[in-house]
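Coordinate analysis (summary)
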Amino acid sequence: MSGSCAAPGPGSGSSPAACRFAHYFVLCGIDADSGLEPDELAGENFDQSPLKRTFKSKVLAHYPQNIEWNPFDQDAVNMLCMPKGLSFRTQTDNKDPQFHSFIITREDGSRTYGFVLTFYEEVTSKQICTAMQTLYQMHNAEHYSSVYASSSCSMDSLASSLDEGDTTSLLKLQRYNSYDISRDTLYVSKSICLITPLPFMQACKKFLIQLYKAVTSQQPPPLPLESYIHNILYEVPLPPPGRSLKFYGVYEPVICQRPGPSELPLSDYPLREAFELLGLENLVQVFTCVLLEMQILLYSQDYQRLMTVAEGITTLLFPFQWQHVYVPILPASLLHFLDAPVPYLMGLQSKEGTDRSKLELPQEANLCFVDIDNHFIELPEEFPQFPNKVDFIQELSEVLVQFGIPPEGSLHCSESTSKLKNMVLKDLVNDKKNGNVCTNNISMYELLKGNETIARLQALAKRTGVAVEKMDLSASLGEKDKDLKLHCEEAELRDYQLNVQLREVFANRFTQMFADYEAFVIQTAQDMESWLTNREQMQNFDKASFLSDQPEPYLPFLSRFIETQMFATFIDNKIMSQWEEKDPLLRVFDTRIDKIRLYNVRAPTLRTSIYQKCSTLKEAAQSIEQRLMKMDHTAIHPHLLDMKIGQGKYEQGFFPKLQSDVLATGPTSNNRWVSRSATAQRRKERLRQHSEHVGLDNDLREKYMQEARSLGKNLRQPKLSDLSPAVIAQTNCKFVEGLLKECRMKTKRMLVEKMGHEAVELGHGEANITGLEENTLIASLCDLLERIWSHGLQVKQGKSALWSHLIQFQDREEKQEHLAESPVALGPERRKSDSGVMLPTLRVSLIQDMRHIQNMSEIKTDVGRARAWIRLSLEKKLLSQHLKQLLSNQPLTKKLYKRYAFLRCEEEREQFLYHLLSLNAVDYFCFTSVFTTIMIPYRSVIIPIKKLSNAIITSNPWICVSGELGDTGVMQIPKNLLEMTFECQNLGKLTTVQIGHDNSGLLAKWLVDCVMVRNEITGHTYRFPCGRWLGKGIDDGSLERILIGELMTSASDEDLVKQCRTPPQQKSPTTARRLSITSLTGKNNKKVVAYFETTDQILDNEDDVLIQKSSCKTFCHYVNAINTAPRNIGKDGKFQILVCLGTRDRLLPQWIPLLAECPAITRMYEESALLRDRMTVNSLIRILQTIQDFTIVLEGSLIKGVDV
């Protein structure tokens, strides 16, 4: 289908099918023999009047019968040519012809395009007219009484459309909405269609319109219609890349052009319409949803609008390609595919009078709903913005305004709205709002230039010599008397130029963002066979390194985008290009990156978030104009065929019955076109044979390729040609298999990324995962769970299927609690301390976790609540257990889900829960780290050593708990109460506890074993070891201690942890093995601390002992700051703060020599002490110097009150 063959010159004959402009001509309509058959699959309401019902259409003829490499799919073509089936009209109804296009995507990703013109033809069959009248008589008899009550659907819609002031009688109303064979003329829809390998939409539309004019014209066409159809099927070639082609319709020539190999691929759908329909802001948002592979549903009454928006957005994805279900026009018989638990891009026709609220969709948690007609979109939650979105929209706005299109969009439904649009546009440009800075003196006439009527008036004004206000667009459009030279209308040229300039802006963004992608591609396989075989286990792209090289603002979007199937396929194509011909899109993209490197001095370029505009707009527009100024090739004219005389006689208003014998095959004469294309054909054949023989047999190769390239898209396209129950069941089976495989891959990825050094030993790459990556993976898991819970729903309730299920489960459980105590799993019992004090057991309950989420006022939607519940369950390592409990209520599951649903497939469901259970092997803080502003209840217990300490203390104790996100501040503890609960804003992971008292009363001394603090929502329990006295005159006399925390591992996890565990976080030593920092310096350590606290002594000996004067001053400054701090900490605590500050500020290696060379050392320490051994001191200094390579951040509680 690439059409690389040369185009013919005048007089050349037929072409091979692969190089033909069109593959099939199709005629669809009513089959007079079978009569009126209701289309039950369309789901129409039989309460409607017969004229508004849907009847089955049929492919009446198609030419040729079949092409080997593009087999004719009759059911699919019929369904897409007439998605609503046959439509009937009378002489009072609107019968204007309607154009629309469609696309058929096969399972291998190849596409075929269809272009359809539907018009109305008078029904000549008395049998069908009689059948219609009979249907009306039955309808009126059944609904006669309901007409008075205005309860009929058809009467409701009709009555609402009539003017309120019109007192229409019931008799007149019945006559308007009925059919009388003696009074009315009946018309039925008929479609003519061209099926082509490439999307030449404008050319096909012009050709079909000329055919229709020939049928409705009073004069017969110059030649029989067979001549024109034969010509476009067999004698018009595809234009070669980079060339233009002219061929002939019935009345005038038709022009088409094709981009060159180094240009962006062909896209003939006008982006102008897509931007007018949606508006710039909305289109960029939908575009972002497509990039992140969400579910996209387009909604419009007009089929062509659905195609225009779908094709417009997907063509902007360059160099990436949509990899999932793609059905821009979803026939009514395939509505069950909206239930697909996979990413999709579908278009659904809206019925007149129905609004968004009445549309029930299976799941909406990850859905982007695009109401095209009403200029409205609904976005999913947790939606990252496209990088540099503001600057990006600004650049696009400038391009749109240059072509007279308002960036906010316009619903151009009538001439009045078009005039209003142009008036608003003038104000929009002049007031410089929305980034539309008026750089040139743009006139109203210039802004109207894109209007066809204005274009014709301009040409007329030039011919008659009328002076017209000059337009300052010559620089961008290269105005050179186009009226004399252009082979197409100026409006058409402007559409082409606008298309390519908008696409260049989008392509430039990806070129800038992924300019260095090749440096992060991991190519480990030596041959294609081994790569395909091990594709699933291989890591093909260094995601962590790539993200670390990107500007910070890009990360939320890029971290999700590089997890998509379209990016994975892009990287796969890059790796495959080692052994196969490079993918065309990849080739063009790599060429553009090479140009960027040539322009930049440094390569790879330094990553920056500074926005860089596209610099190729003018060049791209000129290449289009040059192709249309001079035709490269002209196809031969239509000519008389060897036809039987008398058949296919012209009759105005009726499409003739074509002579199939002359259209079934093309001429067989050899000609230079065939010989020119022979080389290309042989090249294709060699490539095909090569692809069939790469060391793998076809079946095995296909299996590997499908697995390698279609993860998450097991059903790439719904099969249109067979809608039997068996096929639908098989399709659902594929959905279930795909969901299970996706779950396995996601959980495996989450484990591997989180397992630390164990993953490296297993050969899974570097052991690092950023918080952003982890959050992206968990968000992806949330999306997967929503899709699983949306598959096979009986009745949709709310936007989140999972939360709806949980709510109904909660209602049932709470009802049972009134009858009997609900069984609640208890958490593992904690071992008691010596004092016998312990934290009370925390209940493990699915319902309790739901209540926690329901009490969070920050979350406003069901989707948000479901995701928060998933995160909480994952952090508590209860996700698999909770979901198992949820699904154990089989009556509820059967009530909510159809038999084929994933959740009712027992074997797959068990495997799914097993995969989720594996996530318990690692620690996640995905709830704590995301919901940072919520209020969380904490419970703390102070555990004293009662055997050595007073049972009662008279002082006033206090506590301050600190975490990664903040601290509680000082909280007074009620006297003689060792346990307390408090609520504060989320502290994150707990790090330190400060505990102390005011030393009041007789019994003020306090020996504390440890402090326990528990997050009452997540259940995380932290232990803060102490083992020291607090009080004057005992230990070091400190009234407060800073304790370092360690996260306790629940006993239930111990067995699992032994087998597979993330390396634990660094914990502070327990009391039993805890060493004082000062003990490293010998027996008389406290005397050294006391000596250096007396700074006068240090200063007295300054001239004799200090090597570096600045180091001495710094040391003295730090010691004084710690001494004067308003804190009741002992000497040990002060020395610890000094060490911490010296480590943070990289001063310890300078201070150690000061200590070692102090004269007091010989008097205070034995000869075996560390500070008196010069070699040991030098070794210690070298060790401390290595720490200087790291940035050390101290907990705020450590340096509180110390001013340095």
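Residue positions are given per chain, counting from 1 as you read along its sequence in written order. Given that the model is predicted, a residue must reach a pLDDT of at least 70 before its local features are reported, and side-chain atom pairs must reach 80 or more before they are shown or counted; all residues, however, enter totals for whole chains, interfaces and linings. Just so you know, side-chain values use all the structure's heavy atoms and leave hydrogens and water out.

Helix and strand definitions here come from DSSP, where helices need a minimum of 4 consecutive H or I residues and strands a minimum of 2 consecutive E residues; each element is numbered from the N-terminal end. Across its full length, the chain holds 43 helices and 26 strands. By definition in these notes, contact holds between two residues if any of their heavy atoms fall within 4.5 Å. For the chain, the proportion of contacts with a sequence separation of at least 24, taken over those separated by at least 6, is 76%. Surface exposure of the chain reaches about 55,200 Å², of which carbon and sulfur atoms provide 51%. Only the protein chains shown count as cover for residues, and the accessible areas themselves come from Shrake-Rupley with a 1.4 Å probe.

What follows deals with the confidence of the model for the chain. Summarising the model, the chain shows a mean pLDDT of 74, and 71% of its residues fall at 70 or more. By definition, pLDDT measures how confident the predictor is in each residue, and it falls between 0 and 100. No element of the chain has a lower mean pLDDT than helix H14 (residues 474-477), which averages 37, and none a higher one than helix H8 (residues 280-291), which averages 93. Here residues 149-174 scores under 50 on pLDDT; set against residues more than four positions off or in separate chains, the count is 21 contacts. Taken together, the stretch residues 466-484 has pLDDT below 50 and engages in 35 contacts with residues farther than four places along the chain or on a different chain.

Attention now moves to the packing of helix H20 (residues 565-576) against helix H21 (residues 584-599). Two numbers describe how H20 lies on H21: the axes approach to 10 Å, and their chain directions differ by 85°. Here H21 runs roughly perpendicular to H20, going by the angle between their axes. Counted together, Phe570, Asn573 and Lys574 of H20 and Leu586, Phe589 and Asp590 of H21 form the full contact between these two elements. Three categories are distinguished: nonpolar for Ala, Val, Leu, Ile, Met, Phe, Trp, Tyr, Cys and Pro, charged for Asp, Glu, Lys and Arg, and polar for the others, with Gly belonging to the last. Split into classes, the residues belonging to the contact of H20 with H21 amount to three nonpolar, one polar and two charged. Between N-to-C directions, angles cover 0 to 180 degrees, with each direction set by a line fitted to C-alpha atoms, over the stretch in contact for helices. The labels follow the angle: roughly parallel below 35 degrees, roughly antiparallel above 145, roughly perpendicular from 65 to 115, and oblique for the rest.

Next up on the list: helix H40 (residues 1131-1144). For H40, which comprises 14 residues, the first-to-last C-alpha distance of 20 Å matches the rise-based estimate of 20 Å (1.5 Å per residue) to within 8%. A simple rule labels every residue: compare its accessible area, found with a 1.4 Å probe on the protein chains alone, to the largest value its type can have, and call it buried under 20%, exposed over 50%, or partly exposed in between. Along H40, the residues classified as buried are Asp1132, Gly1133, Lys1134, Phe1135, Ile1137, Leu1138, Leu1141 and Gly1142. Immediately beyond the C-terminal end of H40, within one or two residues, lies arginine 1146, with a positive phi of roughly 60°. In this analysis, the expected span of each helix is defined as 1.5 Å times one less than the number of residues it contains.

Right, let's get into the pairing of strand E22 (residues 990-997). Where burial is concerned, most of E22 is hidden: eight out of the eight residues are buried. Where strand E18 (residues 957-963) and E22 come together, seven bridges link them in antiparallel fashion. Each residue of the ladder has a partner; that of glycine 963, found in E22, is leucine 990. Pairing between two strands is assigned when DSSP locates at least 2 bridges connecting them. Sheet topology note: the E22/strand E25 (residues 1040-1044) ladder contains five bridges and is antiparallel. In the strand pairing of E25, glycine 996 is matched with glutamate 1040.

What follows covers the packing of aromatic side chains. Paired rings are identified among Phe, Tyr and Trp, the last through its six-membered ring, by centres lying within 6.5 Å, and are further divided according to the angle between planes into stacked (under 30 degrees), edge-to-face (over 60) and tilted (the rest). Following the criterion strictly, the structure yields 39 aromatic pairs and no others. With a centroid separation of 4.9 Å and 65° between ring planes, the pair formed by phenylalanine 320 and phenylalanine 570 is classed as edge-to-face. Residue phenylalanine 320 is found in the loop between helix H9 (303-315) and strand E10 (325-327), and its partner phenylalanine 570 is found in helix H20; the two are separated by 250 residues along the sequence. The pair formed by phenylalanine 320 and phenylalanine 570 is uniform in burial state, with each residue classed as buried. Charge-over-ring contacts are defined here by two conditions on Lys NZ or Arg CZ: a distance within 6 Å of the ring centre and an angle within 35 degrees of the ring normal. The ring of tyrosine 187 has lysine 95 sitting right over it, with the charged end atom 4.9 Å from the ring centre.

Turning our eyes to something else, we now look at the nonpolar core. Each nonpolar core is a collection of buried residues, namely Ala, Val, Leu, Ile, Met, Phe, Trp, Tyr and Cys, held together in the definition by side-chain atoms within 4.5 Å. The biggest cluster of nonpolar side chains holds 160 residues, and the ones touching the most others in it are Phe25, Phe88, Phe247 and Phe514. A total of nine residues in this core trace back to one element, the largest contributor, which is helix H5 (residues 201-216). Apart from residues lying up to four places away in sequence, phenylalanine 88 is in contact with Ile30, Leu36, Leu51, Phe55, Val123, Ile128, Met132, Leu186, Tyr187 and Val188. Judged by nonpolar contacts, the second largest core, of 77 residues, contains Tyr897, Val922, Ile934 and Phe1024.

Before going further, it helps to spend a moment on the sheet that holds strand E9 (residues 295-300). Pairing is mixed in the open sheet, where five strands are placed in the order E10-E11-E9-E12-E13. Strands at the two margins of the open sheet, each flanked by one partner only, are E10 and strand E13 (376-378). Strand after strand, the sheet turns through a mean of 15° between neighbouring axes, direction not considered. Where strand E12 (residues 367-371) and E13 come together, three bridges link them in antiparallel fashion. The partner of valine 370 across the bridge, within E13, is isoleucine 377. Contacting E9, strand E11 (344-349), E12 and E13, H8 runs over the sheet at an angle of about 35° to E13.

This next bit is on unusual backbone geometry. The omega torsion across tyrosine 63 and proline 64 is -10°, close enough to zero to call that bond cis. Within the secondary structure, proline 64 sits in the loop between strand E2 (58-63) and helix H1 (74-81). That bond from phenylalanine 318 to proline 319 is cis: its omega, 10°, falls within 30 degrees of zero. Topologically, proline 319 is positioned in the loop between H9 and E10.

Here helix H31 (residues 862-875) spans 20 Å end to end across 14 residues, near enough to the 20 Å set by a 1.5 Å rise per residue. For H31, the buried fraction is high: 13 of the 14 residues fall into the buried class.

What follows deals with the side chain of arginine 592. With respect to the element layout, arginine 592 can be found in helix H21. Residue arginine 592 is classed as buried on the basis of its relative accessible area of 17%. Setting aside residues no more than four positions away along its own chain, arginine 592 makes contact with Leu264, Phe318, Glu504, Ala507 and Thr511.

With that settled, consider the sheet that holds strand E7 (residues 244-248). Taken together, three strands build an open sheet; the order of strands is E8-E7-E14 and the sheet is mixed. Looking at the sheet topology across the chains shown, the edges are occupied by strand E8 (253-257) and strand E14 (633-634). As defined by bridge partners, E7 adjoins E14 across two bridges and the pair is classed as parallel. Bridge assignment links lysine 246 to a residue of E14, and that residue is threonine 634.

Right, let's talk about the pattern of salt bridges for a bit. Salt-bridge detection follows one rule: a side-chain nitrogen of Lys or Arg within 4 Å of a carboxyl oxygen of Asp or Glu. Counting across every chain of the model gives 28 salt bridges. The salt bridge involving arginine 627 is made with glutamate 263; its shortest N-O contact spans 2.8 Å. One end of the pair, arginine 627, is in helix H22 (residues 617-629); the other, glutamate 263, is in the loop between E8 and helix H7 (271-278), with 364 residues separating them in the sequence. We note a salt bridge from glutamate 563 to lysine 543, for which the minimum N-O separation is 3.3 Å. Within this pair, whereas glutamate 563 is found in the loop between helix H19 (555-561) and H20, its partner lysine 543 is found in helix H18 (residues 543-548), the two being separated by 20 residues in sequence. By relative accessible area, which is 18% here, lysine 543 ends up buried. Connected via shared salt-bridge partners are Arg272, Glu273, Glu276 and Asp495.

This part is about the packing of helix H16 (residues 490-513) against H22. Across the interface, H16 lies against H22 with an axial gap of 9 Å and an inter-helix angle of 150°. The chirality of how H16 crosses H22 is right-handed. Of the residues in H22, those in contact with Leu493, Tyr496, Gln497, Val500, Gln501, Glu504 and Val505 of H16 are Leu617, Ala620, Ala621, Ile624, Glu625 and Leu628. In the contact of H16 with H22, the residues fall into nine nonpolar, two polar and two charged. Left-handed describes a crossing in which the near helix is turned anticlockwise from the far one by less than a right angle; the clockwise case is right-handed.

As a further point, take the side chain of glutamate 625. Inspection of the secondary structure puts glutamate 625 in helix H22. At 3.5 Å, the side chain of glutamate 625 and the side chain of glutamine 497 are in polar contact. Identification of polar contacts relies on pairs of N or O atoms within 3.5 Å, with a donor-acceptor requirement for protein atoms, meaning one able to donate a hydrogen and the other able to accept it, and with residues adjacent in sequence counted only if both atoms are side-chain atoms.

Let us look at the environment of glycine 1019. For glycine 1019, the position within the fold is in the loop between strand E23 (1006-1015) and strand E24 (1021-1030). Measuring from C-alpha to C-alpha, the distance between glycine 1019 and arginine 843 comes to 9.2 Å, with 176 residues separating the pair along the chain. The residues touching glycine 1019, leaving out its near neighbours within four places in the chain, are Leu842 and Arg1014.

Another point: the environment of tryptophan 1151. By the secondary structure assignment, tryptophan 1151 is in helix H41 (residues 1148-1156). Dropping the residues within four chain positions of it, tryptophan 1151 is found in contact with Ser1111, Thr1114, Phe1115, Tyr1118, Leu1138 and Gly1142.

Note on terminology: pairs of cysteine sulfur atoms within 2.5 Å are recorded as disulfides. Scanning the model with the defined rule gives zero disulfides in all. Cysteine cysteine 368 shares no disulfide, and the gap to the nearest cysteine sulfur, in cysteine 289, comes to 3.8 Å.

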